[in-house]
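Below, each chain spelled out in residue letters.
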Amino acid sequence: MGAMFRSEEMALCQLFIQPEAAYTSVSELGEAGSVQFRDLNPDVNAFQRKFVNEVRRCDEMERKLRYIEAEVHKDKVHVPAVKDMPRAPNPREIIDLEAHLEKTENEILELSHNAINLKQNYLELTELKHVLEKTEAFFMAQEEIGMDSLTKSLISDEMGQQAATRGRLGFVAGVVQRERVPAFERMLWRISRGNVFLRRAELDKPLEDPTSGNEIYKTVFVAFFQGEQLKSRIKKVCTGFHASLYPCPPSNAERQDMVKGVRTRLEDLNMVLNQTRDHRQRVLVSVAKELQCWSIMVRKMKAIYHTLNLFNMDVTKKCLIGECWVPTADLPNVQKALADGSNACGSSIPSFLNCIETDEVPPTFNRTNRFTRGFQNLIDSYGVASYRECNPALYTIITFPFLFAVMFGDLGHGMIMAMFGAWMVIKEVSLGAKKSNNEIWNIFFAGRYIILLMGLFSMYTGLVYNDIFSKSMNIFGTSWFIPYDNETLEHNAAMTLDPRDSYTNVPYFIGIDPIWQTADNKIIFLNSYKMKLSIIFGVVHMIFGVCMSVVNYNFFKRRYSIILEFLPQVIFLCLLFLYMVFMMFYKWVAYSTFSEDQAYTQGCAPSVLILFINMMLFSSNEPEPGCKEFMFEGQGQLQRVFVLVALACIPVMLLGKPLYLLATKKKDDKPEQANGNVPGIELQEQTDISATPKPAKAESHDHEDEAFSEVMIHQAIHTIEYVLSTISHTASYLRLWALSLAHAELSEVLWNMVLAMGLKTEGYVGAIKLYVAFCFWALFTLAILVMMEGLSAFLHTLRLHWVEFMSKFYAGLGYIFQPFCFKTILEQEDNEE
């Protein structure tokens, strides 16, 4: 957890690597994942860099892998997952891998081409078989009708004598796609003027397209005609509609012999197809075993060469120079990776690392684990922390689920959420291994520890509220007793319990007494209780945020801001709103003691809200007879002092820092002419000092180098924002009370209007009604109370942290540390796919 208090210290380093060791060294750095490289060639075009040819080779290998992968998936061959992540291949292995991919691609291409040709032949023979079989019925009908009647039906009476001398009718047989048959018939009718007799029959089973493998439905047709000119027209129409024409003998015996020959050829071709398919399957199965490894190796190669393009060549062209940001804690790992890279290629000259000083602001790196990553993502969504700035994620681990639970407090609903989060945590290894494209599920799984903690904290607050599915539990026994007899209770629908007579003066062990579940003034009591809790938690949360600014002031060497900014802010907040919290506790303590000297009088306790309003307006109200205006002696004078001191803090917040910076700047600008120093020599010394690089430092965002007017404007905006936000932010925490009350009332309405309907009937009918009512109640509970109300409470809690808490000390003006890491690169590419 110490690493989460603020971001890790970073160092800007120079890498000096021999060209022959550059590939293996960068590969080792990619496996380590500890450096973020900087581009030393920002003005050089991507196509003019040194390793652009190697990147193109990797692109070509990726193209081949994509083709091989498509063929593997096309045949539905299982691709096994990679157990051990392969390392990037060395330069010698790259040549072998490239040759192997070339050979595999050519082999699959040849197999695919041969398979397409064989399938095309099989399709043609199948169509020919169907044509011969289907047209047999056409010719049988022709013989029954007779040639003379068919001829008369095709030609007009004037041409009858001429047609009789020309001989028998000709015909064309083939197949055409089923969806083109209507248009095909219309076109034949138009070109022949009705002198074509068309017979057709649909194929029962679909055929397979040789190229795409899709199913196609076709129809067999026979077109009878007379004359060579009409025959030529019909063939042109068939060509236009992509119809396949096949020879069909006119005699029955020839057709039978041809059908037998076609069937024999189909059997032989089917055997060849099966052998080809088996051979292709064996090839693809052997390729699928190595496909993932090849893909990972090629992607690592490409990432290495892209990174090498960020390097610069020295003047002698014998050394590659790179710059990178490295966490200082990982410097030994980086040096070891460079040494391993040099040893792997057998380089005689070792690579070395040189830390350089810079004025640039380093990136922000917060080292996280599976538990803390989700909370850190919540903070980074608002804005990445400035370098070495205090990190709110550490405190969010506790405050976020607690404030959520204040709004979502229900033991039953919290148990459902905790069980869901615990299931994801327990099964996180197996669930994480399953890559899912469902964005909602990925969000839930990434925040599994947040959901688990929110559920556990909600169970605790539900226990405090004594609320489980809108019902109370009498675990420790109520602290109230009924002083009335049974006859009095029978004749009165409601009875008042006076604390002086019915309260044991021993509070319930934990949380709210279960007797409030049956009280008519339950909502009035819970309103006051939860509203005061919201203000208490809100003020404490804001004061903690203001106190966290001291940590930033002290780290960034701005200790003057502790006096000129922090002290006025915390005094202003405490004297007004912490004092209001004090009045709540004092009222609870002072007006809950029942003794003979101080009798309890209903409505006699002063209102905290009225006292606070009168305090701010310097006014007072006449108390009721027998009551006091204030809670204790001297409270009026004390409140006036608090308000005056709080108002006096505003000019200090507004003018303190600008005047201090102005005085400090004038003091630094005074020329030091003491001891007879020569101005020219002094100027030369300053030039030499400024030429030396300064160490990397955290950016304070304090506007110290700006003009006095700009500092004054910024400070005025900051002061006005803080003064107004103390009021608005305190009121904003009332959302804790509002959502908690809404959640409890909605849960109670759902119980009374849905589940209670099934509990009112007895017998078998009651059991059925209870079963149905429980199903609806469970559905609405999960959908509305757990999911929708949970999402609403989550968003409100997020706003309380981003605005009310973090605005007191958090700048969030940094940029994230993005190391060169093979694991991250591969995960991002998998998510994009």
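Residues numbered from 1 in each chain as written. Predicted model: local features only at pLDDT ≥ 70, side-chain atom pairs only at ≥ 80, totals over all residues. Heavy atoms only, no water.

Structural notes on the confidence of the model for the chain
No. 1: Residues with a pLDDT of 70 or more make up 90% of the chain, whose mean pLDDT is 86.
No. 2: Confidence drops under a pLDDT of 50 for residues 672–695, and excluding neighbours within four residues, the segment shows 10 contacts in the predicted structure. (pLDDT = per-residue confidence, 0-100. Contact = heavy atoms within 4.5 Å.)

A few points about the sheet that holds strand β8 (residues 244–246)
No. 1: As summarised here, the arrangement of the four strands in space is β4-β7-β3-β8, forming an open sheet in which the pairing is antiparallel. Looking along the sheet, the strands with just one partner apiece sit at the ends: β4 (197–202) and β8. In this sheet, adjacent strand axes meet at a mean angle of 25° when their direction is disregarded.
No. 2: Docked against the sheet, helix α6 (residues 181–192) engages β3 (170–177), β4 and β7 (218–225), running at close to 170° with respect to β4.
No. 3: Against the sheet, helix α7 (residues 228–240) contacts β7 and β8, and its axis sits at roughly 165° relative to β7. (Pairing = 2+ DSSP bridges. Helix = DSSP H or I, 4+ residues; strand = E, 2+ residues; numbered from the N terminus. Axes fitted to C-alpha atoms, helices over the stretch in contact; angles between N-to-C directions.)

Things to note about helix α18 (residues 522–555)
No. 1: For α18, which comprises 34 residues, the first-to-last C-alpha distance of 50 Å matches the rise-based estimate of 50 Å (1.5 Å per residue) to within 8%.
No. 2: With its phi angle positive at about 60°, lysine 557 sits one or two positions after the end of α18. (Expected span 1.5 Å × (residues − 1).)

A few points about helix α24 (residues 735–759)
No. 1: Along its 25 residues, α24 runs 34 Å from first to last C-alpha, staying within 8% of the 36 Å computed at 1.5 Å per residue.
No. 2: Roughly 30° is the biggest bend found in α24, and it falls at asparagine 752. (Bend = angle between axes of the 7 residues up to and from the residue.)

Comments concerning the pattern of salt bridges
Close approach of charged atoms allows side chains of opposite charge to pair.
No. 1: Taken as a whole and assessed by the stated rule, the structure comprises 27 salt bridges.
No. 2: Notably, a salt bridge pairs arginine 370 with glutamate 428, separated by 2.7 Å at the nearest N-O pair. Within this pair, whereas arginine 370 is found in the loop between β11 (352–356) and α10 (373–382), its partner glutamate 428 is found in helix α13 (residues 428–433), the two being separated by 58 residues in sequence.
No. 3: A relative accessible area of 10% means that glutamate 428 is categorised as buried.
No. 4: Here the salt bridges do not stand alone but share partners, grouping Glu8, Asp330 and Arg367 into one network. (Salt bridge = Lys/Arg side-chain N within 4 Å of Asp/Glu carboxyl O. Buried < 20%, exposed > 50% of the residue type's maximum accessible area, 1.4 Å probe, protein only.)

Section: the packing of helix α11 (residues 393–407) against α18
No. 1: The interhelical angle for the contact between α11 and α18, taken along N-to-C directions, is 165°, at an axis separation of 12 Å. It follows that α11 is roughly antiparallel to α18 by the angle criterion. Here the hand of the crossing between α11 and α18 comes out left-handed. Mapping the contact onto sequence places Tyr395, Thr399, Phe402, Leu403 and Val406 in α11 and Phe537, His541, Phe544 and Met548 in α18.
No. 2: Looking at the contact of α11 with α18 residue by residue, the class counts come to seven nonpolar, two polar and no charged. (Parallel < 35°, antiparallel > 145°, perpendicular 65-115°, else oblique. Left-handed = near helix turned anticlockwise from the far one by under 90°. Nonpolar A, V, L, I, M, F, W, Y, C, P; charged D, E, K, R; others polar.)

Details of the packing of aromatic side chains
No. 1: All chains considered together, the criterion is met by 45 aromatic pairs.
No. 2: With 6.1 Å between their ring centres and 40° between their planes, tyrosine 382 and tyrosine 810 make a pair best called tilted. Here the residue tyrosine 382 occupies a position in helix α10, and tyrosine 810 occupies one in the loop between α25 (763–805) and α26 (822–832), the gap between them amounting to 428 residues.
No. 3: On the accessibility criterion, tyrosine 810 (7% relative accessible area) is buried.
No. 4: Of the aromatic side chains, those joined through ring pairs into one cluster are Phe420, Trp423, Trp441, Phe444 and Phe445.
No. 5: Positioned above the aromatic ring of phenylalanine 51, the side-chain terminus of lysine 50 is 5.9 Å from the ring centre. (Phe/Tyr/Trp six-rings, centres within 6.5 Å; stacked < 30°, edge-to-face > 60°. Lys NZ or Arg CZ within 6 Å of the ring centre and 35° of its normal.)

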